[in-house]
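Each chain, letter by letter, is given below.
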Amino acid sequence: MLTAAMAAQVTATAIVSTPLLLIPFLHLDQGLSLVASGGLAAAPTVGTLLTLVAWGAVVDRVGERISLTAGLLILVAGSAVALTGARADEATLLAAGFALCGVGASSSNSASGRLVVGWFPAERRGLAMGIRQTGLPLGVGLAALVVPGWADQRGIASVVGLCVGLAVVSTIFVGLTVVDPPRPRSSDPVAAANPYRGDVRLVRIHAASALLVIPQYVVWSFMLLWLIDRHGWSAAAAGALYAGSQVLGAAGRVGAGWWSDRVGDRLGPMRQVATAATVVMVALAAFDATPLAIAVMVVAAVVTVAPNGLAFTAVAEIAGPLWSGRAFGIQNTGQYLTAAAVPPLMGAVIQHAGYGWAFAGAAIFPLFAIALVPVATRR
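From a predicted model like this one, the values you see are computed outputs, not experimental measurements.

**Topic: helix H12 (residues 235–263)**
Piece 1. Counted at 1.5 Å a residue, the expected span for H12 with its 29 residues is 42 Å, and the 42 Å between its end C-alpha atoms agrees.
Piece 2. Measuring from the side-chain oxygen of the N-cap residue of H12 to the backbone nitrogen of Ala-237 gives 3.1 Å; that N-cap residue is Ser-234.
Piece 3. Positive phi shows up at Gly-264, right after H12, with a value of about 70°.

Here you go:
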């Protein structure tokens, strides 16, 4: 079940990350402005954002297997639309296809998380969720290994064709393997109780997570361009370092989950990681133009992704099995709402003020998140 959850998450993340990784090709080779290329990169995020809560409700009602399979089928359809747009050189159709991919990808955010929470006991859940959460950096890393080089040598249509194939294979695998975990009956008054009523912990975690995703998406969106444009790296070398940093980020998520299991708390480690994110983004701004900035950027790629699994696990444990799908949907909506704004807005900051100012601005948000994280998971 963990493997199936990972397959769905890696596939969805790799495909919706593809337009993000096309920014250097579109901006430097085709002359598209950073604001416009950032808008294309945000298209999948918009599609995801609009449907997260709806997918959460679907998962709560019909279960994980149907939701994951349906979402992946939509991912296949969206990739096919994007391929048509790429072949016809229609940017609007390309963006619409990737927006539809975002709709399909949003199913994996709730369904794969519930699959892991449902099949793993509390004392191993943090580690298991940390492993599941590696699907995000590993998906981005997979895309980073392929997209820059393929786009440079074979064009955008070839890259999107790979997305179609990946989505088809993953859909077949997940549809054949996923089994829904056991869960309490909806008639159980304790399990069915609204976890948001009279309890602000979930709202605070949602708000903190939305702030923490900003430095993460600054790094994800502009690391590749920063290496090529600011430090003169080739597209292949920049893509390799980008992919390597995503692998390290995946390891960081696993480590954070293991740490939370050992201490029996998700939120204390989350606050400490938020503190580290503030420090590393300030350091990145300070050393932006120096060779040391490369190492700091890799550290930033690891630290800024670490809180996600901790927050997800805490949300699931507070919300309970009958509400966790909707709670995941609300959690992700806040994150994707801020994430959708990062590429165009930070692209404008970089274009007019430089990378250093963008990195410094991103450091402010985890600082506020520290105060928002609740003291403990339990009431």
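**A closer look at the packing of helix H13 (residues 267–286) against helix H17 (residues 355–362)**
Piece 1. At their nearest, the axes of H13 and H17 sit 8 Å apart, and the two run at 165° to each other. Comparing the axis directions of H13 and H17 gives the class roughly antiparallel. Here the hand of the crossing between H13 and H17 comes out left-handed. Contacts from Met-281, Leu-284 and Ala-285 of H13 reach H17 at Gly-356, Phe-359, Ala-360 and Ala-362.
Piece 2. Of the residues that constitute the contact of H13 with H17, the class distribution is six nonpolar, one polar and no charged.

**Describing the packing of aromatic side chains**
Piece 1. All told, the structure shown has four aromatic pairs when counted by the stated rule.
Piece 2. Where Trp-226 meets Phe-359, the ring centres are 6.1 Å apart and the plane angle is 80°; that geometry is what we call edge-to-face. Taken as a pair, Trp-226 in helix H11 (residues 201–230) and Phe-359 in helix H17 lie far apart in primary sequence, 133 residues in all.
Piece 3. Relative accessible area serves as the criterion here: at 0%, Trp-226 is assigned to the buried category.
Piece 4. Residue classification places Phe-359 among the buried positions, given a relative accessible area of 0%.
Piece 5. Geometry around Trp-323 places Arg-326 over its ring, the cationic atom sitting 4.0 Å from the centre.

Procedures and definitions
- Residues numbered from 1 in each chain as written.
- Predicted model: local features only at pLDDT ≥ 70, side-chain atom pairs only at ≥ 80, totals over all residues.
- Heavy atoms only, no water.
- Helix = DSSP H or I, 4+ residues; strand = E, 2+ residues; numbered from the N terminus.
- Expected span 1.5 Å × (residues − 1).
- Polar contact = N/O pair within 3.5 Å; in protein donor to acceptor, adjacent residues only side chain to side chain.
- Axes fitted to C-alpha atoms, helices over the stretch in contact; angles between N-to-C directions.
- Parallel < 35°, antiparallel > 145°, perpendicular 65-115°, else oblique.
- Left-handed = near helix turned anticlockwise from the far one by under 90°.
- Contact = heavy atoms within 4.5 Å.
- Nonpolar A, V, L, I, M, F, W, Y, C, P; charged D, E, K, R; others polar.
- Phe/Tyr/Trp six-rings, centres within 6.5 Å; stacked < 30°, edge-to-face > 60°.
- Buried < 20%, exposed > 50% of the residue type's maximum accessible area, 1.4 Å probe, protein only.
- Lys NZ or Arg CZ within 6 Å of the ring centre and 35° of its normal.

Such coordinate-based values are descriptive only and should not be taken to indicate function.
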